[in-house]
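Structural overview for review
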Amino acid sequence: QLQLVESGGGLVQPGGSLRLSCATSGFTLGYYAIGWFRQAPGKEREGVSCIEVSSRDGSATYLDSVKGRLSIARDNAKNAVILQMTSLKPEDTAIYYCAADFRCSRWKNEYTYWGQGIQVTVSS
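Now for a quick tour of the structure. (Residues numbered from 1 in each chain as written. Predicted model: local features only at pLDDT ≥ 70, side-chain atom pairs only at ≥ 80, totals over all residues. Heavy atoms only, no water.)

1. Re the overall build of the protein
Along the backbone of the protein there are 0 helices and 11 strands. Starting at the N terminus and walking to the C terminus, you meet the elements of the protein as β-β-β-β-β-β-β-β-β-β-β. Over its C-alpha trace the protein gives a radius of gyration of 13 Å, about what one expects of a compact globule, namely 14 Å for 124 residues. By its C-alpha atoms, the protein is 40 × 30 × 25 Å across when sized along the principal axes. Residue burial in the protein is summarised as follows: out of 124 residues, 43% are buried. (Helix = DSSP H or I, 4+ residues; strand = E, 2+ residues; numbered from the N terminus. Rg over C-alpha atoms; globule rule 2.2 N^0.38 Å. Buried < 20%, exposed > 50% of the residue type's maximum accessible area, 1.4 Å probe, protein only.)

Have a look at this one:
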């Protein structure tokens, strides 16, 4: 069973940056599409970004509100997928989850494997 682990979260001031990582062992993440989701208190879990499997085109998609501020990429040497977050805003505060399946989707129900989640707090 594919197990995903998020890391790199924490507290950051508005305008600051964080680098989230989604990693696993025993499997090659290049064979999976990896999505990042977030859930704030009282809100639905929403898709933030996704990167397609490398064997397809490896393309990335983003939620409109994070375009230009967040960037997703694979770090194959570490068997991980990175979400580089810059120019962070208080509304980015949420628990962030990574998820894996064989294709990217904006619908959370279509992902089979999930990490436990990690807190990102943007506050002054």
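There's more to say after this.
2. Observations concerning the state of the cysteines
Counted according to the given criterion, the structure contains 2 disulfides. Put simply, Cys22 and Cys98 are joined by a disulfide, and their sulfur atoms are 2.2 Å apart. Here the S-S torsion is close to 70 degrees, and the disulfide linking Cys22 with Cys98 is therefore right-handed. Remark: Cys98 occurs in strand E9 (residues 94–101) and Cys22 occurs in strand E3 (residues 18–23); sequence separation between them is 76 residues. Classification of Cys98 as buried rests on a relative accessible area of 0%. Here Cys50 is linked by a disulfide to Cys104, with a sulfur-sulfur distance of 2.0 Å. (Disulfide = S-S within 2.5 Å.)

3. A word on the pattern of salt bridges
Under the definition given, this model contains 6 salt bridges. Among the ionic pairs, Lys67 bridges to Asp64, the shortest N-O distance being 3.0 Å. Classification of Lys67 as partly exposed rests on a relative accessible area of 49%. Residues joined in a network through salt bridges with shared partners are Arg38, Glu46, Arg69 and Asp92. (Salt bridge = Lys/Arg side-chain N within 4 Å of Asp/Glu carboxyl O.)

4. A few points about the packing of aromatic side chains
In total, this model carries 6 aromatic pairs according to the counting rule given. Where Tyr32 meets Phe102, the ring centres are 5.5 Å apart and the plane angle is 25 degrees; that geometry is what we call stacked. Of this pair, Tyr32 sits in the loop between E3 and strand E4 (33–39) while Phe102 sits in the loop between E9 and strand E10 (113–114), and the two are 70 residues apart along the sequence. Ring centres 5.2 Å apart and planes at 80 degrees place the aromatic pair Phe37 and Tyr111 in the edge-to-face group. A residue pair is termed long-range when its members are at least 10 positions apart, and Phe37 in strand E4 and Tyr111 in the loop between E9 and E10 qualify at 74 residues. (Phe/Tyr/Trp six-rings, centres within 6.5 Å; stacked < 30°, edge-to-face > 60°.)

5. Here's the deal with unusual backbone geometry
One non-glycine residue, Asn79, lies in the positive phi region at around 50 degrees. Examined against the element boundaries, Asn79 turns out to sit in the loop between strand E7 (70–75) and strand E8 (80–85). Overall, the relative accessible area of 18% leaves Asn79 in the buried class. Its identity as a non-glycine residue notwithstanding, Ser87 has a phi of 50 degrees, on the positive side. As for its position among the elements, Ser87 is in the loop between E8 and E9.

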